[in-house]
Amino acid sequence: MTESRRILIVAPAWVGDLVMADTLLQRLAQRVPAPELHLLAPPATAPLASRLSAAAAVHRLDVGHGVFGLGARRAVAGRLADLAFDQAIVL
């Protein structure tokens, strides 16, 4: 299996779940070679996600909880596509 160089992690919407996800980020960061980890986070957890040391970048998904927000999701998807992620992990 080839190592992923750039990984997008779709972060959970709940603070406690994001705190637990930090362990996953730390373990991924220990890979050799270490991947570049990006998080996609909703407004509720984006500030906390930006404080996780293993995260190279946090991309904010400005869609409220329970809101479909197709236009906003498509706009974020377009921006993320330009980064050419090798892998995505949805939490």
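This section reports on the structure supplied with the text. All residue numbers here refer to positions counted from 1 along the written sequence of the relevant chain. Only residues with pLDDT of at least 70 get local features here, since the model is predicted, and only at 80 or more are side-chain atom pairs given and counted; chain-wide, interface and lining totals rely on the full set of residues. To obtain the side-chain values, all non-hydrogen atoms of the structure were included, while hydrogens and water were left out.

## Observations regarding the pattern of salt bridges
No. 1: Here, a salt bridge means any side-chain nitrogen of Lys or Arg that lies within 4 Å of a carboxyl oxygen of Asp or Glu. Scanning the entire structure with this criterion turns up three salt bridges.
No. 2: Ionic pairing is found between R5 and D86, a salt bridge with its closest N-O pair at 3.7 Å. On the criterion of sequence distance, the pair formed by R5 in the segment before β1 (6-10) and D86 in the loop between α3 (70-81) and β4 (87-90) is long-range, its members being 81 residues apart.
No. 3: Note on classification: 1.4 Å probe, protein chains only; a residue is buried when its accessible area is under 20% of the maximum for its type, exposed when over 50%, partly exposed between these limits. The class of R5 is exposed, set by a relative accessible area of 62%.
No. 4: By relative accessible area, D86 is classed as partly exposed at 39%.
No. 5: As a salt-bridge pair, R60 and D62 come within 2.4 Å of each other at their nearest N and O atoms.
No. 6: Using a relative accessible area of 40% as the deciding quantity, one classes R60 as partly exposed. Helix and strand assignments come from DSSP, with helices taken as H or I runs of at least 4 residues and strands as E runs of at least 2, each series counted from the N terminus.

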